[in-house]
Amino acid sequence: MTGSRPATEIIQQIRDLIHARRLRADDRLPPERDLAEQLAVSRNSVRQALRSLEEQGLLVIRKGATGGAFVQGGGAGAVPTLMSDLFSLGAIRPQDLTETRVMVGVEVVRLACERCSDDEIDQLEDNVRAAEQATEADNLALRTELNLEFHRMLARMTGNALLIAITDGVVTVTQQFVERIGRTPTSYVMPFRRRLLKLLRARDVDGAAAEMRRHLLQQQKLYLKAVANLEGNTPL
C-alpha cells in the first residue's frame with residue numbers, strides 16, 4: 001500500500017533524479033500511477049508534487065494523448081519564477097533590480113554583438129518595427145510585450161543558456177516592477193533601439209555595449225525617481 005508522505009519529500013526525490021542526471025531537459029516523467037508505485041506514495045501526493053514543480057518552473061505539464069509531465073528545457077523556467085517570488089516578498093529591492101539590469105544587459109549586448117547572425121538582427125529589427133507600430137496605434141499592452149521580448153531576443157542571441165535564464169528572470173521582475181510604479185517616459189526608447197540596431201549590424205561591440213549602458217542607466221534614474229515619488233522616498 002502506498003504511503004502519504006508530504007509532497008515536499010516527493011519533490012525532493014524528483015529533484016534528486018534531475019541532479020543525478022537520471023532525468024534531463026525535455027524528458028517525460030513516468031505516468032502518475034507509475035511514479036506513485038516507484039516512490040511508494042499515493043497518486044494524490046504525486047499529483048500535488050507535480051503541480052508544485054510546475055509552479056516552480058521545473059516541469060511543464062501537457063494534456064492530451066501525448067501529454068504528461070516533462071522536465072522544463074534546462075529548468076530555466078524556475079529562474080523567473082524564483083526571482084518573481086523574491087521580488088513579491090520584498091527580497092529584491094528596486095535598486096537591486098535596476099543595478100542588475102545594467103550589469104546583465106550590457107554584457108548580453110556585448111556577447112550578442114559578437115555572436116549573433118544577420119538573420120537574428122533582422123528578427124530583432126522586426127520586433128522594433130512592430131513595437132513602433134504598436135506605439136502609433138496606442139496599443140500599450142502589445143508595445144510592452146514587444147519591448148520585453150526585445151531583451152529576451154538579445155539574450156538568445158548570446159547562445160549562453162545561463163544568461164538567457166537570468167535575462168528572462170530580470171525581464172519578468174521588471175514587468176512586475178513597472179506595473180507597480182506605473183508608466184515612465186518612453187519617447188527615448190525607440191530611438192535608442194534604432195541606434196543599437198545600427199551598432200549591431202556594424203559589429204561595433206564596444207559601441208553597442210556603451211549604448212545599452214547609457215540607456216539602462218537612464219531607465220534606472222527614471223525608475224528610482226518613480227519609486228521615490230510613489231512611496232515618499234520610502235523603498236517599495
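Note that this is a predicted model, so its numbers are computed, not measured. Numbers given for residues are sequential positions, taken from 1 along each chain in its written order. Side-chain atom pairs in this predicted model are given and counted only at pLDDT of 80 or more, local residue features only at pLDDT of at least 70, and totals for whole chains, interfaces and linings cover all residues. Only hydrogens and water are removed before side-chain values are computed, so all heavy atoms of the structure are retained for them.

**Student:** Could you give me a rundown of the pattern of salt bridges, with the residues and numbers involved?
**Tutor:** For salt bridges, the criterion is a side-chain nitrogen of Lys or Arg within 4 Å of an Asp or Glu carboxyl oxygen. Across all of its chains, the model carries 16 salt bridges by this definition. Salt-bridge contacts for Arg-93 lead to Asp-96; the nearest nitrogen and oxygen are separated by 2.9 Å. For every residue, the accessible area (1.4 Å probe, protein chains only) is compared with the maximum for its type, and the residue is labelled buried under 20%, exposed over 50%, or partly exposed between those bounds. Of the residues examined, Arg-93 reaches a relative accessible area of 40% and is grouped as partly exposed. The class of Asp-96 is partly exposed, set by a relative accessible area of 22%. For Arg-156, the salt bridge identified is with Glu-149, shortest N-O distance 2.5 Å. Owing to a relative accessible area of 43%, Arg-156 belongs among the partly exposed residues under this scheme. Note on Glu-149: relative accessible area 24%, which makes it partly exposed.

**Student:** Quick rundown of the nonpolar core? Include the residues and the values.
**Tutor:** By convention a nonpolar core is built from buried Ala, Val, Leu, Ile, Met, Phe, Trp, Tyr and Cys residues, the set being connected through side-chain atoms within 4.5 Å. Counting residues in each nonpolar core, the largest one holds 32 residues, and the members touching the most others are Leu-124, Leu-154, Met-157, Leu-196, Leu-200, Ala-208 and Met-212. To qualify as a helix, a DSSP run of H or I must reach at least 4 residues; to qualify as a strand, a run of E must reach at least 2; elements of each kind are numbered from the N terminus. Counting only elements with at least two residues in this core, the list comes to α5 (94–115), α6 (118–136), α7 (140–158), α9 (189–201) and α10 (205–231). Ranked by residue count, the leading element in this core is α5, at 8 residues. Residues in contact with Met-212, not counting those within four places in the same chain, are Gly-105, Val-106, Val-109, His-151, Leu-154, Phe-192 and Leu-196. One finds Ile-11, Leu-17, Leu-35 and Ala-49 within the second-largest nonpolar core, a separate group that totals 20 residues. By definition, residues are in contact when any of their heavy atoms lie within 4.5 Å.

**Student:** How would you sum up the layout of surface pockets? Please name residues and give values.
**Tutor:** Cavities and pockets were defined on a 1 Å grid built over protein atoms only: a cavity is a set of grid points that admits a 1.4 Å probe from which the probe cannot escape, a pocket is an open set flanked by protein on both sides within 12 Å along at least five of seven lines, and lining residues are those with an atom within 4 Å of any such point. Grid points are joined across faces, edges and corners, and a volume is the space filled by probe spheres set on the points. By volume, the largest pocket is sized at about 690 Å³. Along the wall of the largest pocket there are 34 residues; nearest its centre are Asn-147, Leu-148, Val-178, Gln-219 and Tyr-223. For the lining of the largest pocket, the secondary-structure elements that each account for two or more residues are α5, α7, α8 (161–181), α9 and α10. All residues other than Ala, Val, Leu, Ile, Met, Phe, Trp, Tyr, Cys, Pro, Asp, Glu, Lys and Arg, Gly among them, are scored as polar; the first ten of these are nonpolar and the last four charged. Residues that form the lining of the largest pocket fall into these classes: 15 nonpolar, 14 polar and 5 charged.

**Student:** Go over unusual backbone geometry with me, naming the residues and quoting the values.
**Tutor:** In this structure, Ala-40 is a non-glycine residue whose phi angle is positive, near 60°. With respect to the helices and strands, the residue Ala-40 is situated in the loop between α2 (32–39) and α3 (43–55). Note on Ala-40: relative accessible area 40%, which makes it partly exposed. Positive phi values are uncommon outside glycine, yet Asp-138 reaches one of about 60°. Position of Asp-138 among the secondary structure elements: in the loop between α6 and α7.

**Student:** How would you explain the pairing of strand β1 (residues 59–62) if you had to name every residue and give the values?
**Tutor:** Relative to strand β2 (residues 68–71), β1 runs antiparallel, the two sharing 4 bridges. Note on β2: the bridge partner recorded for Leu-59 is Val-71. Two strands pair if DSSP finds at least two bridges between them.

**Student:** Hey, could you go over the packing of α7 against α9 for me, with residue numbers and the actual values?
**Tutor:** At their nearest, the axes of α7 and α9 sit 13 Å apart, and the two run at 20° to each other. Taken together, α7 and α9 sit at an angle that is classed as roughly parallel. Our pair here, α7 against α9, has a crossing hand that is left-handed. Contact with α7, carried on its side by Asn-147, Phe-150, His-151 and Leu-154, involves Met-190, Arg-193, Leu-196 and Leu-200 of α9 and no other residues of that element. Of the residues assigned to the contact of α7 with α9, the class counts are 5 nonpolar, 2 polar and 1 charged. For helices, the fitted line uses only the C-alpha atoms of the stretch in contact; every axis is such a line through C-alpha atoms, and the angle between N-to-C directions lies from 0 to 180 degrees. Angle categories: roughly parallel below 35 degrees, roughly antiparallel above 145, roughly perpendicular from 65 to 115, and oblique for all the rest. Crossing handedness is defined as follows: a turn of the near helix away from the far one that is anticlockwise and smaller than a right angle gives a left-handed crossing, while the clockwise case is right-handed.

**Student:** Mind laying out the side chain of Thr-158, listing which residues take part and the relevant values?
**Tutor:** Inspection of the secondary structure assignment puts Thr-158 in helix α7. Among the polar contacts made by the side chain of Thr-158, one reaches the main-chain amide nitrogen of Asn-160 at a distance of 3.1 Å. If sequence neighbours within four positions are ignored, Thr-158 has contacts with Val-108, Leu-111, Ala-112, Arg-115 and Leu-163. The definition of a polar contact used here is a pair of N or O atoms within 3.5 Å, where within protein one atom must be able to donate a hydrogen and the other to accept one, and adjacent residues in sequence count solely through side-chain atom pairs.

**Student:** A description of the packing of aromatic side chains should follow, citing residues and the corresponding values.
**Tutor:** Two rings belonging to Phe, Tyr or Trp (six-membered ring only in the last case) form a pair when the distance between their centres is within 6.5 Å. Interplanar angles under 30 degrees mark stacking, angles over 60 mark edge-to-face geometry, and anything in between is tilted. Counting across every chain of the model gives 2 aromatic pairs. A centroid spacing of 6.3 Å and a plane angle of 80° characterise the contact between Phe-87 and Phe-177, whose relative ring orientation is edge-to-face. With Phe-87 in helix α4 (residues 78–88) and Phe-177 in helix α8, this pair connects stretches of sequence that are 90 residues apart. The exposure classification of Phe-87 matches that of Phe-177, with both residues buried. Their ring planes at 75° and their centres at 5.3 Å tell us that Phe-177 and Tyr-223 sit as a pair that is edge-to-face.

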